[in-house]
Amino acid sequence: MYIIMLGAPGSGKGTIGKEICKKYNLTHLSTGDIFRDEIKRDTDLGKKANEYISNGNLVPDDITISMVEDKLMELGDVLLDGFPRTINQAESLKKFLNQKEKSVTAVINLCIPDEDIIKRTSSRVICSNKECGATFNTIFMPPKVEGICDVCGSKLIVRDDDKPETIKERLNVYYKNTEPLISFYKKEGILETIDIDIYSNTTKEDTTEKAFQIIERRLK
Ligand code: AMP
């Protein structure tokens, strides 16, 4: 099974994606997490990716596509979080899966207003322990003890690319490059949108349940 999580930065792709992976036993393939790991380890790929990520831009398609295809070769059922992000990436993925006689089961598009994204993203904190990677939100999903991860007890930190100036740039990049994927996948007949309104009690559990229902329906 291949599930794609689509949505602007901060829409909750990672959080909901993790729940889907747990339930359906999928590998969570987050291109953002892979790049951050490469940056932390100061690899050649990390150095190159950081030039783009630190400014809120996308890493070029050739680098990203070959990295994802290498991972997909090794993996079985996967949830893609943060990929594809351009039409070119979506077309490459389609070709890659076609060659393997596979296809995408569902594209889950999390739709959330920009103001909410800015509020949500600027209050996001993540666990500094890479092995854990738990995400919290100081407003919407606070940890039990301020600044400390509920799961492993490590320090919580703000991601560099969650700084307000970078978020605005990432949103611009999203509208220019990634939003066209909504029409692309609508045409493919596999787009499923979940509307999220963080002020009207759309909880993580509500969104997760809706995502499960979509997958159940698509699997029939
Ligand atoms: P994310 O954690 O998914 O928001 O990704 C963080 C950053 O990594 C993005 O702002 C991009 O700079 C880069 N990135 C992640 N996925 C991709 C992708 N599919 N294509 C290009 N750049 C990406």
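This text goes with the structure placed above it.
Since the model is a prediction, treat every value here as computed from it, not as a measurement. (Residues numbered from 1 in each chain as written. Predicted model: local features only at pLDDT ≥ 70, side-chain atom pairs only at ≥ 80, totals over all residues. Heavy atoms only, no water.)

S.K.: An account of the overall build of the chain is needed here, citing residue identities and associated values.
M.R.: Each helix and strand in the chain was counted, giving nine helices and eight strands. Seen along its three principal axes, the alpha-carbon backbone of the chain occupies a region of about 50 × 40 × 30 Å. Considering only intrachain contacts with a sequence separation of at least 6, the fraction spanning at least 24 residues in the chain is 69%. Split by element, the accessible area of the chain, about 11,500 Å² in all, is 48% carbon and sulfur. Of the side-chain charges in the chain, 33 are positive and 36 negative, and the distance between the mean point of each set is 1 Å. (Helix = DSSP H or I, 4+ residues; strand = E, 2+ residues; numbered from the N terminus. Contact = heavy atoms within 4.5 Å. Areas by Shrake-Rupley, 256 points an atom, 1.4 Å probe, with all protein chains shown as cover. Lys, Arg positive; Asp, Glu negative; His and termini not counted. Charge placed at Lys NZ, Arg CZ, Asp CG, Glu CD.)

S.K.: Can you tell me about the site of the ligand, naming the residues and giving the values?
M.R.: Among the 16 residues in the neighbourhood of the ligand, the closest are listed as Thr31, Asn57, Gly82, Gln89 and Arg170. For the ligand, a nitrogen atom lies 2.8 Å from a polar atom in the backbone of Gly82. Interatomic distance of 3.0 Å between a side-chain N/O atom of Arg85 and a nitrogen atom of the ligand. Considered on its own, the ligand offers 480 Å² of accessible surface; in the complex 96% of this is hidden by protein. Per-element accounting of the shell around the ligand gives the leading share, four residues, to helix H2 (residues 31–40). Looking at the shell around the ligand residue by residue, the class counts come to five nonpolar, six polar and five charged. (Near = heavy atom within 4 Å. Polar contact = N/O pair within 3.5 Å; in protein donor to acceptor, adjacent residues only side chain to side chain. Nonpolar A, V, L, I, M, F, W, Y, C, P; charged D, E, K, R; others polar.)

S.K.: Quick rundown of the pattern of salt bridges? Include the residues and the values.
M.R.: Enumeration over the complete set of coordinates arrives at 12 salt bridges. The residue Arg124 makes a salt bridge to Asp162 at a minimum N-O spacing of 2.9 Å. Of this pair, Arg124 sits in strand E5 (residues 124–127) while Asp162 is found in the loop between strand E7 (156–157) and helix H7 (164–178), placing the two residues 38 residues apart along the sequence. Residue classification places Asp162 among the buried residues on the basis of a relative accessible area of 2%. One salt bridge connects Asp162 with Arg170, and the closest N-O pair in it is separated by 3.1 Å. Considered together, Asp162 and Arg170 belong to a single accessibility category, that of buried residues. Here the salt bridges do not stand alone but share partners, grouping Asp37, Glu38, Arg41 and Lys130 into one network. (Salt bridge = Lys/Arg side-chain N within 4 Å of Asp/Glu carboxyl O. Buried < 20%, exposed > 50% of the residue type's maximum accessible area, 1.4 Å probe, protein only.)

S.K.: Pulling in residues and values, what's your account of the sheet that holds strand E3 (residues 78–81)?
M.R.: Picture the strands of a sheet paired through backbone hydrogen bonds; they go either parallel or antiparallel. Taken in spatial order, the five strands make up an open sheet running E2-E3-E1-E4-E8, and their pairing is parallel. Sheet topology places strand E2 (27–30) and strand E8 (191–195) at the edges, where each strand pairs with a single neighbour. Sheet twist, expressed as the average angle between the axes of neighbouring strands with direction ignored, equals 20°. Most of the contacts of helix H8 (residues 180–188) go to strand E1 (residues 2–7), to which it runs at about 145°, and overall it touches E1, strand E4 (106–111) and E8. Its contacts with the sheet place helix H9 (residues 204–219) against E1, E4 and E8, and it is angled at close to 160° to E8. (Pairing = 2+ DSSP bridges. Axes fitted to C-alpha atoms, helices over the stretch in contact; angles between N-to-C directions.)

S.K.: Let's hear about the environment of Ile63: which residues, and what values?
M.R.: Residue position: Ile63 is located in helix H4 (residues 61–74). With residues up to four places along the chain from it excluded, the contact list for Ile63 reads Leu45 and Lys48.

S.K.: Before we move on, can you summarise the packing of aromatic side chains with the specific residues and values?
M.R.: Using the criterion set out here, one finds three aromatic pairs in the structure. Aromatic side chains Tyr174 and Tyr175 sit 5.2 Å apart centroid to centroid with 70° between the ring planes, which places their arrangement in the edge-to-face category. On the basis of relative accessible area, Tyr174 is assigned to the buried category, the value being 8%. Among the residues examined, Tyr175 registers a relative accessible area of 35% and is labelled partly exposed. For the pair Phe184 and Tyr185, a centre-to-centre distance of 5.0 Å together with 85° between the ring planes defines the contact as edge-to-face. The pair Phe184 / Tyr185 is uniform in exposure class, with both members buried. Note that Lys23 overlies the ring of Phe212, its terminal NZ or CZ placed 5.0 Å from the centroid. (Phe/Tyr/Trp six-rings, centres within 6.5 Å; stacked < 30°, edge-to-face > 60°. Lys NZ or Arg CZ within 6 Å of the ring centre and 35° of its normal.)

Read these as geometric descriptors, not functional statements.
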